[in-house]
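# Results of the structural survey
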Amino acid sequence: MNMTPTERKAYAQRMFEQEPAAFPEAHRASILQGQVLPGMAPFEARLAGGAFTYKVKADPAKWPPHTNPLDVMWRQSIEPDNSEIVMTFVNNTQFPGEPTWVFRVYFERGKATRIEKLRVEP
């Protein structure tokens, strides 16, 4: 689902109210500003970054073959595992004062560990 920044912010605020334990206070301002931070879970990154593409290699010790990759991603917030997750975003909020970037976020044990700028969108 592709939302406008205003819709994304309102959705994030509803999620903070519904599931406060899933969204650490330290990440909330960045989510509302549209910035993915190291340490965020995939769902937090989705709220911050907006629409995304993804690649998930589910942890075979935890997930059976053919598990929905979105289930794997969202579960990382409460039960991180050794799944390999990469999310790719395009927005103009991740890097304030800079143009719209395509960037990739890598996750380990359910947390963002690296954010890589790929290219400026024309």
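Before going into details, it helps to say that this report is about the structure given with it.

Thresholds applied
- Residues numbered from 1 in each chain as written.
- Predicted model: local features only at pLDDT ≥ 70, side-chain atom pairs only at ≥ 80, totals over all residues.
- Heavy atoms only, no water.
- Phe/Tyr/Trp six-rings, centres within 6.5 Å; stacked < 30°, edge-to-face > 60°.
- Buried < 20%, exposed > 50% of the residue type's maximum accessible area, 1.4 Å probe, protein only.
- Lys NZ or Arg CZ within 6 Å of the ring centre and 35° of its normal.
- Pairing = 2+ DSSP bridges.
- Helix = DSSP H or I, 4+ residues; strand = E, 2+ residues; numbered from the N terminus.
- Axes fitted to C-alpha atoms, helices over the stretch in contact; angles between N-to-C directions.

By the definition in use, this model includes ten aromatic pairs. Residues Phe16 and Phe23 carry aromatic rings whose centres are separated by 5.4 Å and whose planes lie at 55° to one another, so their mutual orientation is tilted. When its relative accessible area of 8% is taken as the criterion, Phe16 is described as buried. On the basis of relative accessibility, which here comes to 3%, the residue Phe23 falls in the buried class. Three or more aromatic residues link up through ring pairs in this structure, and these residues are Tyr11, Phe16, Phe23, Phe43, Phe52, Tyr54, Trp74, Phe89, Phe95, Trp101 and Phe103. When the ring centre of Phe16 is taken as reference, the NZ or CZ atom of Arg28 above it lies at 5.0 Å. One Lys or Arg, Arg114, reaches over the ring of Tyr106 and ends 3.8 Å from the middle of that ring.

As a further point, take the sheet that holds strand β1 (residues 52–57). Strand order in the open sheet formed by four strands is β1-β2-β3-β4, with antiparallel pairing between adjacent strands. Each having just a single partner strand, β1 and β4 (111–120) make up the two edges of the open sheet. In this sheet, neighbouring strand axes are inclined to one another by 15° on average, regardless of whether the strands run parallel or antiparallel. Of the pairings in the sheet, the one linking strand β2 (residues 84–91) to strand β3 (residues 101–108) comprises seven bridges and is antiparallel in character. When the sheet's bridge partners are listed, Asn91 is paired in β3 with Trp101.

Moving on, we get to the pairing of β3. With six of its eight residues buried, β3 lies for the most part within the structure. Sheet analysis places β3 next to β4, joined by eight bridges and oriented antiparallel. Among the inter-strand pairings, Trp101 is bridged to a residue of β4, identified as Val120. Between β3 and β4, which pair antiparallel and follow one another directly, the connecting turn spans two residues, one of which, Arg109, has a positive phi of 50°.

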